[in-house]
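Observations on the model geometry
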Amino acid sequence: MNASRIALVTGANQGLGRALVEGLAARMNPNDLVLLTGRNPQRVVDAAREVTELFGTRARVEGRVLDVTDTDAIARLAEEVRARFGGADVVVSNAVARLLPDEPQAERADEFIDVSNVATHAVLRSFGPVLRPGGRLLVVASSLGTLGHLSPRLHHLFDGASLDQVEYAVESWRSALHSGTAREAGWPVWLNVPSKVAQVAGVRAAAAERREHDLASGTLVAAVCPGMVDTATSRPWFSDYSKAQSPAQAAEAVLDLIFAERVDPTLYGELVRFGKALPWHGGTPPVGQDRMLTP
């Protein structure tokens with residue numbers, strides 16, 4: 001990657017996003033810049049200040065208020081990055097909506113889909129064109145993002161789909177949730193399953209269009225699975241955290257992927273977990289709420 005590198009992380013006030021910002025700041029140089037984004041202005045200011053205090057001699061850290069459900073705001077930030085810095089070297093889409101086990105899933109569908117899927121599509125569309133050669137564009141997903149976790153009845157919606165087709169499938173799912181026909185159509189109850197599959201399908205679609213050029217320039221577009229992470233978002237869903245990682249521990253494998261000297265073509269456009277690609281057609285439809293956030 002270039003000198004004077006620019007990195008950006010969405011959903012970076014806390015948890016894994018905050019750990020990724022800290023890891024980027026620690027590994028980058030004083031003339032590099034990390035943009036920490038989040039929806040709450042005060043939390044963004046506080047987080048940027050705290051990371052700067054920790055790594056003041058390393059990369060600069062600046063906060064940017066960004067509501068990822070505002071696709072126009074994502075486009076404006078991408079244009080700012082292009083106009084001010086000539087592009088970005090690292091973009092990590094990490095924002096996630098929090099769900100609780102006792103909440104009716106369908107009632108939270110719009111927020112969850114907007115944060116996890118509409119925002120992911122917007123980041124791919126807006127930041128893909130401003131990614132510098134040799135850059136990294138990563139979407140944080142989970143192992144539930146492989147196609148096999150959906151009913152075979154739904155596979156055709158995502159397998160080999162374009163980004164437009166993935167977006168259409170997501171909106172069809174949203175409509176089915178509102179009309180009460182989602183289960184009849186084969187959609188699982190738990191929002192996280194189709195959401196993660198759609199995230200990975202979106203990455204695969206965006207990557208397919210630019211694969212040849214990106215591999216020639218050492219650029220990586222991929223989804224990443226950090227594994228089980230002990231955060232406020234995931235904690236309500238598990239009773240056993242003995243194997244959970246701290247956010248800082250989970251960030252390490254993602255950071256290693258970002259700072260790898262060369263791009264492994266077998267990882268390009270794939271869902272990557274601990275340095276290895278998970279089979280796109282792997283997995284089985286999960287049963288029970290305990291599987292909702294399986295890493």
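Residues numbered from 1 in each chain as written. Predicted model: local features only at pLDDT ≥ 70, side-chain atom pairs only at ≥ 80, totals over all residues. Heavy atoms only, no water.

1. Overview of the side chain of Thr 37
Structurally, the position occupied by Thr 37 is in strand β2 (residues 33–38). Given the relative accessible area of 0%, Thr 37 is considered buried. Discounting chain neighbours no more than four positions away, the residues touching Thr 37 are Leu 8, Val 9, Thr 10, Gly 11, Ala 12, Asn 13, Val 44, Arg 64, Leu 66 and Leu 77. (Helix = DSSP H or I, 4+ residues; strand = E, 2+ residues; numbered from the N terminus. Buried < 20%, exposed > 50% of the residue type's maximum accessible area, 1.4 Å probe, protein only. Contact = heavy atoms within 4.5 Å.)

2. Section: the packing of aromatic side chains
Under the criterion given, the structure shown has two aromatic pairs. Measuring from centroid to centroid gives 6.2 Å for Phe 158 and Trp 187, while their planes differ by 80°, and the two rings are edge-to-face. Note that Phe 158 is positioned in helix α5 (residues 155–158) and Trp 187 in the loop between α7 (182–185) and α8 (192–217), a separation of 29 residues in sequence. By the ring-pair criterion, three or more aromatic residues cluster together here, those being Phe 158, Trp 173 and Trp 187. (Phe/Tyr/Trp six-rings, centres within 6.5 Å; stacked < 30°, edge-to-face > 60°.)

3. Digging into unusual backbone geometry
Although it is not a glycine, Phe 274 adopts a positive phi angle of roughly 50°. Position of Phe 274 relative to the elements: it lies in the loop between β7 (271–273) and β8 (276–278).

4. Observations concerning the pairing of strand β1 (residues 6–9)
Residues of β1 alternate between two faces, with Ile 6 and Leu 8 on one and Ala 7 and Val 9 on the opposite face, all of them buried. Direction of pairing for β1 relative to β2: parallel, over a ladder of four bridges. Bridge pairing in β2 links Ala 7 to Val 34. A crossover connection joins β1 to the parallel β2 through helix α1 (residues 15–27); in handedness this β-α-β unit is right-handed. Where β1 meets strand β4 (residues 88–93), three bridges bridge the pair, whose relative direction is parallel. Residue pairing in the sheet places Leu 8 in a bridge with Val 91 of β4. (Pairing = 2+ DSSP bridges. Right-handed = clockwise from strand over helix to strand, strands pointing away.)

5. Quick notes on the sheet that holds strand β3 (residues 60–65)
The strand order β3-β2-β1-β4-β5-β6-β7-β8 describes an open sheet built from eight strands, whose pairing is mixed. Both edges of this open sheet fall to β3 and β8, since each of them pairs with a single strand only. The mean angle between the axes of side-by-side strands here comes to 25°, regardless of whether they run parallel or antiparallel. Summarising the sheet, β2 and β3 pair through six bridges and their orientation is parallel. Considered in β3, the bridge of Thr 37 is made with Arg 64. Most of the contacts of helix α4 (residues 109–127) go to strand β5 (residues 131–140), to which it runs at about 180°, and overall it touches β1, β4 and β5. (Axes fitted to C-alpha atoms, helices over the stretch in contact; angles between N-to-C directions.)

6. So, the pattern of salt bridges
Applying the stated criterion across every chain, the model contains 23 salt bridges. A salt bridge links Glu 252 to Arg 27; the nearest nitrogen and oxygen atoms lie 2.9 Å apart. A residue pair is termed long-range when its members are at least 10 positions apart, and Glu 252 in helix α9 (residues 247–258) and Arg 27 in helix α1 qualify at 225 residues. A relative accessible area of 39% means that Glu 252 is categorised as partly exposed. Among the ionic pairs, Arg 84 bridges to Glu 80, the shortest N-O distance being 3.4 Å. Taken together, the residues Arg 84 and Glu 80, both in helix α3 (residues 71–85) and four residues apart, mark about one turn of the helix. Taking relative accessible area as the criterion, Arg 84 reaches 51% and is therefore assigned exposed. (Salt bridge = Lys/Arg side-chain N within 4 Å of Asp/Glu carboxyl O.)

7. What to know about the nonpolar core
One finds Leu 24, Phe 127 and Phe 158 to be the most contacted residues of the largest nonpolar core, which totals 98 residues. Every residue in contact with Leu 24, bar those within four places of it in the chain, is listed here: Ala 7, Val 9, Val 34, Val 90, Leu 255, Ile 258 and Phe 259. (Core = buried A, V, L, I, M, F, W, Y, C linked by side-chain atoms within 4.5 Å.)

8. Points about the environment of Asn 13
Turning to its location among the elements, Asn 13 is positioned in the loop between β1 and α1. Residue class for Asn 13 comes out buried when judged on its relative accessible area of 17%. Remark: the alpha-carbon pair of Asn 13 and Val 44, spanning 31 residues in sequence, is separated by 6.0 Å.

9. A few points about the packing of α1 against α9
Look at α1 against α9: their axes get within 8 Å of each other, and the N-to-C directions meet at 55°. One finds that α1 runs oblique with respect to α9. Between α1 and α9 the crossing geometry is right-handed. Contact residues: α1 offers Gly 15, Leu 16, Ala 19, Leu 20, Gly 23, Leu 24 and Arg 27, while α9 offers Pro 247, Ala 248, Ala 250, Ala 251, Glu 252, Val 254, Leu 255, Asp 256 and Ile 258. Its residues assigned to classes, the contact of α1 with α9 shows 11 nonpolar, two polar and three charged. (Parallel < 35°, antiparallel > 145°, perpendicular 65-115°, else oblique. Left-handed = near helix turned anticlockwise from the far one by under 90°. Nonpolar A, V, L, I, M, F, W, Y, C, P; charged D, E, K, R; others polar.)

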